[in-house]
Amino acid sequence: MYVVILPLGTLYINFVTSIKKKYKDRLINREKQWPPCHSNKLVKLELVEREKGEGYSANTQRGRKNKTSKITPLAYGDLFKEKGWQKTVRKVLVEGDAGIGKTTLSVSMSDDWSCDKLFKEYELLLLLPLRHKEVASAGSLPKLLQLLHRSLSVCESVARYLEDGEGEKVVIFADGWDELSESNREEGSFLYQLLFEKFPLMSVVVTSRPSASGPLRRLPCIDRFVEIKGFSQDDIKEYTKSELGNDEKKASGLLEQLESNPLVESVCSVPLNCAIVCHLWRCLEESLPTTMTQLYTKIILNVMLRNIQKCDSFKNSRSLSNFDALPKELEQPFFRLCKFAFQMLSKNQIVFSEGELVEFFPEGLALDEKILCFGLLQSAETVLASGHGVSLHFLHLTFQEFLASLYLSRQPPDTQLEVFRKHGWKSHFTMVLRFFFGICFGHCKPEAVHVDVKQAIKVLKVSWDQLCLCHWAFEARSDFVNKEVIHRLTPH
């Protein structure tokens with residue numbers, strides 16, 4: 001018996017070939033996206049160049065302006081393109097709000113690289129979905145590479161090859177920095193060292209919501225700051241016409257309502273929200289919602305009703321006006337699912353196994369009939385190697401945040417305050433808190449609300465700035481909350 005030992009360069013080439021095949025296979029077999037989109041106009045990139053230091057770090061919230069900042073349009077493939085006298089661009093931070101297209105950008109660029117349409121100067125592109133706990137817990141480069149290629153011996157050889165070349169001609173897309181736990185984002189963690197310290201010649205793109213990327217903005221190694229700005233008013237019009245192009249009357253009707261409602265139009269600057277609004281308009285053609293909470297309430301109820309009607313047991317369901325109008329048999333499973341969403345989010349866990357889901361529910365509840373029938377979960381599309389069982393996630397992180405808020409809104413005031421103290425300061429609870437105020441106050445009179453508003457805002461004000469407080473007040477649409485927020489914002 002003879003054993004053929006391949007040269008290290010050959011092993012590396014074979015590894016790269018297998019990675020490209022993974023990306024191409026995913027491109028061919030990609031499941032139908034949600035919400036249904038008929039337009040390929042998804043993201044608009046702008047390069048944000050600012051002075052590093054106090055002038056930049058003090059103006060990080062979306063919507064604030066910094067007079068010293070320059071905002072320059074950036075072409076899709078120019079993330080690493082040098083500008084004039086500037087040094088070589090290797091480390092790039094891409095920021096954007098929830099649903100604005102950070103993952104879409106990462107996936108699209110990896111697909112284009114595999115088809116030789118983009119980043120031809122790089123031999124290898126590694127797409128790391130940070131929401132998968134296996135990525136953060138890999139602990140070493142060979143183990144990390146093994147998530148993309150089964151052979152540990154090959155991965156060990158490739159890791160040595162990369163180390164010898166200090167990562168030159170390699171680019172990593174680390175998607176979802178905000179979806180990592182606090183410990184995995186700290187200096188000294190495996191991912192931190194891999195992305196920012198160990199490989200000085202490696203090119204890196206890190207995507208994150210702004211609420212979690214503050215420390216990264218201060219890193220000397222970050223050469224470029226990019227923000228996905230989303231849709232302008234003209235982009236919204238173009239996208240809406242593209243989505244509803246077959247029905248000009250519907251398209252013009254939606255645009256008229258958007259023009260008369262600048263608040264909703266501003267929400268549509270986020271591509272995911274714009275897609276949801278178009279989907280709702282196509283399905284329901286009702287008056288537009290005016291807050292994020294109302295928007296996601298409508299779309300989640302719409303998704304649930306459409307999926308429930310597909311089940312023989314519930315095919316006669318005709319409407320679903322609110323979450324308390326579910327068929328009696330589905331009430332407990334749904335609110336259990338909300339609790340599951342909350343508990344996973346409390347651990348900053350976005351992707352979970354089928355086993356974790358099954359273990360959470362009381363014995364006797366059929367997973368396929370009582371949980372998956374809502375249509376709020378889907379298999380996690382990933383390029384990571386299989387063998388870890390079926391991975392699941394909510395249709396979007398924002399859905400998980402909404403369901404977590406719904407669970408929290410139904411807890412006793414003491415429990416809510418304890419949650420605020422324990423988790424309220426965490427960046428991945430930003431949207432949970434925003435939805436929480438919208439759910440609790442959106443349709444209720446003050447005397448019907450059991451939340452201790454004064455204590456809640458007092459506890460949360462320690463962790464969040466004025467803009468967040470204003471977001472909560474807007475979602476609540478309550479004079480009572482507005483007065484309390486104004487009181488907290490007024491210097492005493």
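Since the structure is predicted, the reported quantities are computational estimates derived from the model, not experimental observations. (Residues numbered from 1 in each chain as written. Predicted model: local features only at pLDDT ≥ 70, side-chain atom pairs only at ≥ 80, totals over all residues. Heavy atoms only, no water.)

In spatial order, the strands read β8-β10-β9; together these three strands make up an open sheet with antiparallel pairing. Two strands lie at the open edges of the sheet, namely β8 (352–353) and β9 (377–379), each paired on one side alone. One ladder, built from three bridges, connects β9 with strand β10 (residues 391–394); its direction is antiparallel. Residue pairing across strands places serine 379 opposite leucine 392, the latter belonging to β10. (Pairing = 2+ DSSP bridges. Helix = DSSP H or I, 4+ residues; strand = E, 2+ residues; numbered from the N terminus.)

On to the pattern of salt bridges, then. A full pass over the atoms with the stated rule returns 13 salt bridges. Note that glutamate 475 and arginine 434 form a salt bridge whose closest N and O atoms lie 3.4 Å from each other. With glutamate 475 in helix α21 (residues 466–476) and arginine 434 in helix α19 (residues 430–441), this residue pair connects regions lying 41 residues apart in the sequence. The exposure class of glutamate 475 is buried, given its relative accessible area of 2%. (Salt bridge = Lys/Arg side-chain N within 4 Å of Asp/Glu carboxyl O. Buried < 20%, exposed > 50% of the residue type's maximum accessible area, 1.4 Å probe, protein only.)

Scored by pLDDT, the protein chain has a mean of 79; 77% of the residues are at 70 or more. Of all secondary-structure elements in the protein chain, the lowest mean pLDDT belongs to helix α2 (residues 54–57), at 34, while strand β5 (residues 170–175) reaches the highest, 96. Counting interchain partners and residues more than four positions distant, the pLDDT-below-50 stretch residues 1–6 has two contacts. Contacts for the low-pLDDT stretch residues 444–448, under 50 throughout, to residues beyond four places or in other chains number two contacts. (pLDDT = per-residue confidence, 0-100. Contact = heavy atoms within 4.5 Å.)

Here helix α3 (residues 102–114) contains 13 residues, and its C-alpha end-to-end distance of 19 Å stays within 8% of the 18 Å for a straight helix at 1.5 Å per residue. By the burial criterion, the buried members of α3 are Lys102, Leu105, Ser106, Val107, Met109, Ser110, Asp111, Trp113 and Ser114. At the C-terminal side of α3, aspartate 116 shows a positive phi close to 60°. (Expected span 1.5 Å × (residues − 1).)

Turning our eyes to something else, we now look at the side chain of glutamate 401. The topology assignment puts glutamate 401 in helix α17 (residues 397–409). Engagement of the side chain of glutamate 401 in a polar contact is seen with the side chain of arginine 209, the distance being 2.8 Å. Excluding anything up to four places from it in sequence, glutamate 401 contacts Arg209, Leu345, His428, Met431, Val432 and Phe435. (Polar contact = N/O pair within 3.5 Å; in protein donor to acceptor, adjacent residues only side chain to side chain.)

The subject of this paragraph is the environment of threonine 430. Within the secondary structure, threonine 430 sits in helix α19. Judged by its relative accessible area of 21%, threonine 430 falls in the partly exposed class. A sequence separation of 29 residues divides threonine 430 from glutamate 401, and the C-alpha atoms of the two residues are 9.0 Å apart.

Attention now moves to unusual backbone geometry. Its identity is not glycine, yet lysine 169 carries a phi of approximately 65°, on the positive side. Looking at the element boundaries, lysine 169 is found in the loop between α6 (152–164) and β5.

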